[in-house]
Amino acid sequence: MKDRILSRFDGTTKGVFLSENLFELLSAQRDIWPELKKGYEMLSSGRIRDLTGNGFSVKIQYNPLRIRSTMAGTEGGIKKEGCFLCPERLPPLQKGILYRDEFLILCNPAPVFPFHFTVSHIDHRPQYILGSIGIFLSLARDAGDSFTVLYNGAKCGASAPEHMHFQIIPSSCLPIERELTEVTFTLVKQEKGVNVYQTKGLSRYAILLEGKAPLILEEVLNNVIGQIKAIQGIEGEPLMNSICLSREGITKILIFPRARHRPSAFFKEGDGRILISPGVLEMAGFFVAPVKRDFERLDIDIVDEIYREVSSVCDIK
Ligand SMILES: [Zn+2]
């Protein structure tokens, strides 16, 4: 484990910003790790299409490197012996930032964005947000205005559901970040200084929490996840994806309750098959298509249909 640590961040030193550590990590890793360099080169030659729906927009990215992530879990689960996030099995050249003594921030060798990090627990333990809500929020605060933190539920998008992890990407890459307005979100309630909204449009359902005090946000998020669990009738973690961002001292948490992981088109045979596995990126309006034909044929009707199948309305109180 020790040889995996390039730098440390514990949030206690004034004037030290996580964003600087992130920029340094990526730069250092690109210099020494050819696979990562290649991943970013492929990304820069990638293509993006923009689609406009009724009151929302979507981006589609052609990214063949993401096929492993899109197909994750279709051939059974990954055992600890094959877990690619366990520190002892990381590629020999991969190093990271030890974050608050509990997580290792790593460069993702199959990036979707110009900066793309995986934040992986130092121990092999299942993806389960309820055990790490505090870290989810502190990551967003520490990463600051330039970054956005993502969480994929174990059953709806996580490429390594057996190993707890988050992701960090640059701010403003996700179309939904521009749609967090009163036009698309209605205030449901105010609780101890936290505003709770839900969508009225956007083609999929989402809950938005907005506030300043970390402990109260944690409490309200816990409560909302508990309500989603009860509505879904699920033991353990409900089907959900989440985004956390901190902008000018205000924290925003988006939660996408899910009805299922993959749309029916994923399981079709022949030409009708569409290899899209919606996770947090897709729910946030950023679709990753590892197959060129899907990249070219996705239109707003297909996107609407995917959202209709995988999103679930959870009216919270
Ligand atoms: Zn692991």
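Check the entry above for the structure.
Residues numbered from 1 in each chain as written. Predicted model: local features only at pLDDT ≥ 70, side-chain atom pairs only at ≥ 80, totals over all residues. Heavy atoms only, no water.

### Concerning the layout of surface pockets
Thinking step 1. Computed from the structure, the largest pocket encloses a volume of approximately 940 Å³.
Thinking step 2. For the largest pocket, the lining is made up of 44 residues, of which Arg66, Arg68, Ser69, Phe84 and Ser159 are closest to its centre.
Thinking step 3. Listed by contribution, the elements that provide at least two residues to the lining of the largest pocket are α2 (34-44), α3 (67-71), β5 (103-107), β8 (165-170) and α6 (280-283).
Thinking step 4. Its residues placed into classes, the lining of the largest pocket shows 19 nonpolar, 18 polar and 7 charged. (1 Å grid on protein atoms, 1.4 Å probe; cavity = no way out; pocket = protein on both sides within 12 Å on 5 of 7 lines; lining within 4 Å. Points joined across faces, edges and corners; volume = space filled by probe spheres on them. Helix = DSSP H or I, 4+ residues; strand = E, 2+ residues; numbered from the N terminus. Nonpolar A, V, L, I, M, F, W, Y, C, P; charged D, E, K, R; others polar.)

### Notes on the pairing of strand β12 (residues 240-247)
Thinking step 1. Across the 8 residues of β12, 8 count as buried, placing the element largely inside the fold.
Thinking step 2. Burial along β12 is two-sided: Met240, Ser242, Cys244 and Ser246 facing one way and Asn241, Ile243, Leu245 and Arg247 facing the other are all buried.
Thinking step 3. In terms of strand pairing, strand β7 (residues 147-152) meets β12 through 5 bridges, oriented antiparallel. The residue of β12 that forms the bridge with valine 149 is cysteine 244.
Thinking step 4. The antiparallel pairing of β12 with strand β13 (residues 250-257) creates a hairpin that spans 2 residues between the two strands, and glutamate 248 there sits at a positive phi of about 50°. (Buried < 20%, exposed > 50% of the residue type's maximum accessible area, 1.4 Å probe, protein only. Pairing = 2+ DSSP bridges.)

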